[in-house]
Amino acid sequence: MGNSGSVRLRRLISIILLSSMALTISSCKSTASGNSNENDTSISDSVMSDGSSTSEESGANGNSSQTSGEASDIQVIKPNGEQEELNQLQKNSVAMLNYMTMVSQKIENSKSSRIFLEKVYTELINNTGPDKIDKTTQYNLSNMLDIIEDYRMLDIKRERLRYIYDQDKANTIKEALPSPLAVMNIVQSFDWKKMVVSVAYTAVDSITKYANANDALDKQFMLDGWSLDDEEAKNIHKNRKRTFNYMIDIVRNYELPGNLALSEEDIQSFVEYADSDNVHKKMQFFESNKDKYRFFSSYWIELADCYYETEQYSKCIECVDTYESVYAGIFRKDYEYSQFLPKAIVALKNVSSGEEYRKKAEKYAQAMVDNSGEDDWSLRYFAAQTYIDLYAQYKDEAYIKKAYDITLNNVNSLTKKQIELNDKYLNEVEDCKLGDMPDTADDNEKSKYESQKKELDEYNKSMREKRKAECPPLYEPLSLNCELLFSLADKINVGESEKSKIDGILKNEGESIFLTKPISDKFSFTQSDKQDYDASLSKDELALPADILCEGATVTAIIENGDDKKEFNDWKVFKVDRSDNGIDSFKAYLYSDEIKQHTWSKDETVKIIVSYGISELTTELSFKVSDYSDGWLFIPGSVTFEKI
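Residues numbered from 1 in each chain as written. Predicted model: local features only at pLDDT ≥ 70, side-chain atom pairs only at ≥ 80, totals over all residues. Heavy atoms only, no water.

*Asks:* Give a detailed account of the overall build of the protein, specifying residues and quantitative values.
*Replies:* A tally of regular secondary structure across the protein gives 23 helices and 13 strands. Here the protein holds 644 residues, and the buried ones make up 53% of them. Of the roughly 30,000 Å² of accessible surface on the protein, a fraction of 44% belongs to carbon and sulfur atoms. (Helix = DSSP H or I, 4+ residues; strand = E, 2+ residues; numbered from the N terminus. Buried < 20%, exposed > 50% of the residue type's maximum accessible area, 1.4 Å probe, protein only. Areas by Shrake-Rupley, 256 points an atom, 1.4 Å probe, with all protein chains shown as cover.)

*Asks:* Now, about the sheet that holds strand β5 (residues 536–537): what can you tell me, with residues and values included?
*Replies:* On the basis of which strands lie adjacent, the open sheet formed by four strands has the order β5-β6-β10-β9 and antiparallel pairing. Every other strand in the sheet has two partners, leaving β5 and β9 (572–577) as the edge strands with one partner each. (Pairing = 2+ DSSP bridges.)

*Asks:* Lay out the pattern of salt bridges with the relevant residues and their values.
*Replies:* Using the criterion set out here, one finds 27 salt bridges in the structure. Put simply, K501 and E498 hold a salt bridge, and the shortest N to O gap is 3.4 Å. Placement of the pair is K501 and E498 together in helix α21 (residues 496–505), with a separation of three residues, close to one helical turn. Looking at K501, the relative accessible area reads 41%, which means it is partly exposed. Between K517 and D547 there is a salt bridge, with its nearest N and O atoms 3.6 Å apart. Placement of the pair is K517 in helix α22 (residues 517–522) and D547 in the loop between β6 (542–545) and β7 (554–561), with a sequence separation of 30 residues. Looking at K517, the relative accessible area reads 26%, which means it is partly exposed. (Salt bridge = Lys/Arg side-chain N within 4 Å of Asp/Glu carboxyl O.)

*Asks:* Can you break down the pairing of strand β11 (residues 605–611) residue by residue, with the values?
*Replies:* Pairing analysis gives seven bridges linking β7 to β11, with the strands arranged antiparallel. In the strand pairing of β11, E560 is matched with T605. Inspection of the sheet shows β11 paired to strand β12 (residues 618–629) by seven bridges, in the antiparallel sense. Paired with V610 across the bridge in β12 is T619. From the end of β11 to the start of β12, which pair antiparallel, there are six residues, and G613 there has a positive phi angle of about 75 degrees.

*Asks:* How would you explain the confidence of the model for the protein if you had to name every residue and give the values?
*Replies:* Summing up the model confidence of the protein, the mean pLDDT is 80 and the portion of residues at 70 or higher is 73%. pLDDT under 50 marks residues 1–41. Its contacts with residues more than four places away, or in other chains, come to 144 contacts. Confidence drops under pLDDT 50 across residues 48–80; counting only partners more than four residues distant or on other chains, this segment forms 95 contacts. (pLDDT = per-residue confidence, 0-100. Contact = heavy atoms within 4.5 Å.)

*Asks:* Could you give an account of the sheet that holds β11, with specific residues and numbers?
*Replies:* The strands that make up a sheet are held in pairs by hydrogen bonds between backbone atoms, and each pair lies either parallel or antiparallel. If you walk across this open sheet you meet the five strands as β8-β7-β11-β12-β13, and the pairing is antiparallel. With one partner strand each, in any of the chains shown, β8 (564–568) and β13 (638–643) form the two edges of the open sheet. With strand direction ignored, the average angle separating the axes of adjacent strands in the sheet is 25 degrees. Both β7 and β8 contribute to a ladder of five bridges, which runs antiparallel. Pairing of I558 across the sheet is with E567, part of β8. (Axes fitted to C-alpha atoms, helices over the stretch in contact; angles between N-to-C directions.)

*Asks:* Can you break down the side chain of S479 residue by residue, with the values?
*Replies:* With respect to the helices and strands, the residue S479 is situated in helix α20 (residues 476–492). By relative accessible area, S479 is classed as buried at 0%. Only 3.0 Å separates the side chain of S479 from the backbone oxygen of E476, close enough to count as a polar contact. When near neighbours in sequence (up to four residues on either side) are disregarded, S479 contacts K174, L474, F523 and I614. (Polar contact = N/O pair within 3.5 Å; in protein donor to acceptor, adjacent residues only side chain to side chain.)

*Asks:* Report on helix α6 (residues 192–199), specifying residues and quantitative values.
*Replies:* Along α6, the residues that are buried comprise W192, M195, V196, S198 and V199. Within α6, the buried residues cover an arc of 160 degrees as seen down the axis, which keeps them to one side. With a side-chain oxygen lying 3.2 Å from the backbone nitrogen of K193, the N-terminal cap of α6 falls on D191. (Arc of directions from axis to C-beta.)

*Asks:* I'd like to hear about unusual backbone geometry, residue by residue, with values.
*Replies:* The backbone of E311 sits at a positive phi, close to 60 degrees, despite the residue not being glycine. Secondary-structure assignment places E311 in the loop between α13 (297–309) and α14 (313–326). A relative accessible area of 52% means that E311 is categorised as exposed. Phi is positive for K395, which is not a glycine, with a value near 55 degrees. By the element assignment, K395 lies in the loop between α17 (377–394) and α18 (397–426).

*Asks:* Help me get a handle on the pairing of β6, residues and values and all.
*Replies:* A two-sided burial pattern is seen for β6, the buried positions comprising L542 and L544 on one face and A543 and P545 on the other. In this structure, β5 lies alongside β6, joined through two bridges in antiparallel fashion. When the sheet's bridge partners are listed, L537 is paired in β6 with L542. Hairpin connection from β5 to β6: four residues lie between these consecutive antiparallel strands.

*Asks:* Could you give me a rundown of α20, with the residues and numbers involved?
*Replies:* One turn of an α-helix holds 3.6 residues; hence residues three or four places apart share an orientation. For α20, which comprises 17 residues, the first-to-last C-alpha distance of 24 Å matches the rise-based estimate of 24 Å (1.5 Å per residue) to within 8%. Counting buried positions along α20 yields 13 of 17 residues, so the element is predominantly enclosed. Phi for N493, located one or two positions after α20, is positive at around 55 degrees. (Expected span 1.5 Å × (residues − 1).)

Structure follows, in C-alpha cells:
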C-alpha cells in the first residue's frame, strides 16, 4: 500500500469511516436551501435563521448522549407559498437518504481497500436503528450489505487485523501517558493533544506500520488482497445506480422537497474535501458552502475538525454545539460525535475554565461512554482520563468514581480476548480452513476460492513457524486498562469485597488470565511468595522460564565490571520448549548477536532485566562469571556463569 493511499485511507477511517453520517433539520423560517449570506453570519446563525442560539440551553440535547432522535423542526415552502413542517418520519427519511448516498460514495472512493468495507458492513449491521428505517431503506440497505459481503476479508485476516490494531493502539496510548494517573500531576503539564493522536490511531496506521515490519511471519498474508480487481470494482460501481433510484423513491414516497437531498455531485465534493490532507483548502471549501451543507450534521464535525487542526478552538466548540442541535438520531449510537469528542475536550481546555469547562467536559465525557461500542475501549479510556482530570481540578470524588467504573467495565470486557489468546497459545496450532467450494461456482468464484486457499495455506505455515518461538500472549488493551484500574483502586481505597471482585474478573477457571507470572502478580490483590526463577546463562544463549516472558517483552543484559557498564538490548527468542506438564515448565531460549562479540573477564557480573511495557514492572535476574579461561592459539577461551 503506497504512502499516498495510506494517507488517504487514514483520513477516511479516522475522520469519516468511523462516522455515522446523518442529516437532520433545525428550526428555520426560510426554505431548506436558505437565502442568507453564510459568510456574513456566525456559525450559530448559519443554522438558525431566526438568530437563536444553538447552544445546549436552546436546542442541543441537554443529555450527554446524542442518540435521542430529538431533532429540531424545519418548515419548507410549498409551491403555493404555504409553510409546512416536516414530520419526524420525513426527517428520518431525509437523514437516512443522505447517509446512504454518502456511504455509497465512500465505497466507490475507497475501493482500493477492504478495510473501509469492513467498517461500513459492521456499522450498518450493528448501529442502524430499526425503528428509523422504512421498507424502501431496508431494501436498499440489504442490497448494499450483499455487495459488501462479497468483498469482505477472510475471517482470520479480519480477526488478525483487529488484534494488531488493538495492540498498536494500546502501545501508542502508553507512549502518550508516562503513568496511568499522569493527568493528576499538577507539577508536570500533560500533553492532551498527544493523547488525542493516540486515541485516533487507525487500522490503516496499524497495517502501514505492519507493512514496515521486517520480522512478521504473516506479513505477506496480511498485506495481500487489499485491492479490488476490475470486476469487483465494476460491481461496486453498480451501487450508484441503486442509490439514485433510492433517492427518487424516498423523495416521492415522503413528498420531500428535492433540495433537502444532497446530489451525488454534492456528496462527491464533500467526500473529496473531507478526505483532503490540506486543512486550509478543506476549511475554505466548507466555510464557503455552509448554505449547501448546513443541515447535514456531518458537515459540522468536518468543519470543527478544520478549526481544531488550525487551533481555532472557540469556533471548533461552536461547530460541536451546532452539530448537537442538528443531529437526527437515526442510529443507535452516534459514533461520529463520540469519535470527535476527544478533540472537542482539548479545544475546550484551551478556551474555557471554571464551571463552564466543568459542565461541558463532564457532558462530553459521558457522551463518549454513551456513544461507544464494546470495541471502542480507547474512547472509554479517554473518557476515564477526562474524569480523572476533572477530579484533579475540582476535587469531586464522584469524578474519580466514574473513572473507576468506566475502567472496571473496560477490563471486564477485554478479558474475553486475553482468554481467547491463552487458549490458542496453550493448544496446538489449529489450521484455518475454507469451507467447500460450491458445485455451482463459476470460473471467477473458483479462482477466488483457490486464491484464498493458497493464502490460508501460507498463513497456517507461518503460524506453525511462529509457534516454535512464541511467548505467552499479552493483550495490551487489557494490561493498559488494568494499570489504570489498580491505580484508581488504590487512589479511592476500595474495600476487600471490591478487591475480591476484581481478582475474580481477572481469573478463568480459578487461574489468573495472565500466563506471565510477574504480570499476574502485578494485577492481583492477593500477595504471592517471591519467585526464584530457574534460569541459566551461557556464552551463546540465555534460558528463561517462558512464563516470565510475554509477547512484546524486552530483555536487556547489563554487564558490570567495577564502574564499567555495558548494555545489550538485542535479545530475541529463538526457541520455546513446550512441556506436557504445562506452561510452568515451558522454557524459552534467547540469543544476542551483540553479546557474542563481548570479551569476557573473570570479575564481571550480568544483570538480566525483563520489561513488559507496564509501569514499574520488571523481572531481574543476576549472574556472575564462575569460571573463566583465556583462549590460546586455536583453542577458544571459555566462560561459565552462576546465578546469584
